[in-house]
Amino acid sequence: MSITAYSTTPSSIINRIRNGISRNEIRTWIFDRNGYMRYTVPQYQDIAWVHPSIQRNSVVFEIEYDDEDLNLGYYGIFYGRLIEILISHCFNIIDYIKIE
């Protein structure tokens, strides 16, 4: 499962998220040293992480995890919070969002 945010300037999506984190407007996410997005709420912080991949006209966000049994509830938590960020911080630079 992935979320794809389509934009004519896909790198600006990641820049806005990074800036929101650095300005403390996005308080529950960080980027780790590998460029993965980590949800920092204690009960979820070590369950999974989100890998953003900048494409030509989009950014693809995919959940990665160590546990083979990551249930759909966790997908809902991580992707729900991610969509909230995209709508709140990137709405005017995203053409549309696709969940696959």
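Remember, predicted model here, so these are calculated numbers, not experimental data. Numbering of residues begins from 1 in every chain and follows the order in which that chain's sequence is written. Residue-level local features of this predicted model are given only where pLDDT is at least 70; pairs of side-chain atoms are given and counted only at 80 or more, and the full residue set underlies all totals for whole chains, interfaces and linings. To obtain the side-chain values, all non-hydrogen atoms of the structure were used and water was disregarded.

S.K.: How should I be thinking about the pattern of salt bridges in this particular structure?
M.R.: It is possible for side chains bearing opposite charge to pair when their charged atoms get close. Here, a salt bridge means any Lys or Arg side-chain nitrogen found within 4 Å of an Asp or Glu carboxyl oxygen. Throughout the structure, instances matching the rule amount to 3 salt bridges. Arg23 serves as the salt-bridge partner of Glu25, at 3.1 Å between the closest nitrogen and oxygen. In this scheme, a residue with accessible area under 20% of its type's maximum is buried, one over 50% is exposed, and one in between is partly exposed, where area comes from a 1.4 Å probe on protein chains only. Taking relative accessible area as the criterion, Glu25 reaches 45% and is therefore assigned partly exposed. Classification of Arg23 by relative accessible area gives exposed; the value is 51%.

S.K.: What is the right way to look at a negative patch on the surface in this model?
M.R.: Among the surface-exposed residues, Asp66, Asp67, Glu68 and Asp69 lie close enough to one another that they form a single negatively charged patch. Assignment of secondary structure puts Asp67 in the loop between β5 (58–65) and α2 (72–90). Each patch is built from residues lacking any salt bridge and having more than 30% relative accessible area; the joining distance is 9 Å for like charges and 5 Å for nonpolar side chains (Val, Leu, Ile, Met, Phe, Trp, Tyr). All accessible areas in this document rest on Shrake-Rupley with a 1.4 Å probe, and a residue is counted as covered only by the protein chains that are shown. Note on charges: Lys and Arg go in the positive column, Asp and Glu in the negative column, and His and the chain ends are not counted at all. Charge coordinates come from a single atom per side chain, which is NZ of Lys, CZ of Arg, CG of Asp or CD of Glu. What counts as a helix is a DSSP run of H or I of at least four residues, what counts as a strand is a run of E of at least two, and both are numbered from the N terminus.

S.K.: What exactly am I supposed to notice about the packing of aromatic side chains here?
M.R.: One pair of aromatic rings is described through two measures. These are the centre distance and the angle between the planes. To pair, rings of Phe, Tyr and Trp, with the six-membered ring standing in for Trp, must have centres within 6.5 Å; the planes then decide the type, stacked if under 30 degrees apart, edge-to-face if over 60, and tilted in the middle. One pass over the full model with this rule turns up 9 aromatic pairs. Ring geometry for Trp29 and Tyr39: centres 5.0 Å apart, planes at 40°, overall tilted. Pair noted here: Trp29 is in strand β2 (residues 29–31) and Tyr39 is in strand β3 (residues 37–39), with a separation of 10 residues, a long-range link. Overall, Trp29 belongs to the buried group, its relative accessible area being 2%. For Tyr39, a relative accessible area of 5% puts it in the buried group. Every member of this aromatic cluster is reached through a ring pair, and the members are Trp29, Tyr39, Tyr44, Tyr74 and Phe78. Note on criteria: charge over ring means Lys NZ or Arg CZ within 6 Å of the ring centre, with the direction from the centre no more than 35 degrees off the ring normal. Positioned above the aromatic ring of Phe31 is the side chain of Arg18, whose terminal nitrogen or guanidinium carbon lies 4.0 Å from the ring centre.

S.K.: Looking at this model, I keep getting lost on the pairing of strand β1 (residues 2–6). Mind explaining?
M.R.: Moving residue by residue along a regular strand, the side chains alternate between the two faces of the sheet. The buried count for β1 comes to 5 of 5 residues, which makes it a mostly enclosed element. The alternating pattern of β1 places Ser2, Thr4 and Tyr6 and Ile3 and Ala5 on opposite faces, both of which are buried. Relative to β5, β1 runs antiparallel, the two sharing 5 bridges. Bridging across to β5, Tyr6 finds its partner in Ser58. At least two DSSP bridges between two strands are required for those strands to pair.

S.K.: Can you help me understand the environment of Ala48 in this one?
M.R.: The residue Ala48 is located in strand β4 (residues 48–54) in this model. Separated by 16 residues in sequence, Ala48 and Glu64 place their C-alpha atoms 5.7 Å apart. Whether two residues are in contact is decided by their heavy atoms: any pair within 4.5 Å suffices. Apart from residues no more than four positions distant in its own chain, Ala48 is found in contact with Arg38, Ile63, Glu64, Tyr65, Leu70 and Phe78.

Note that all results are geometric; they support no functional claim without further evidence.
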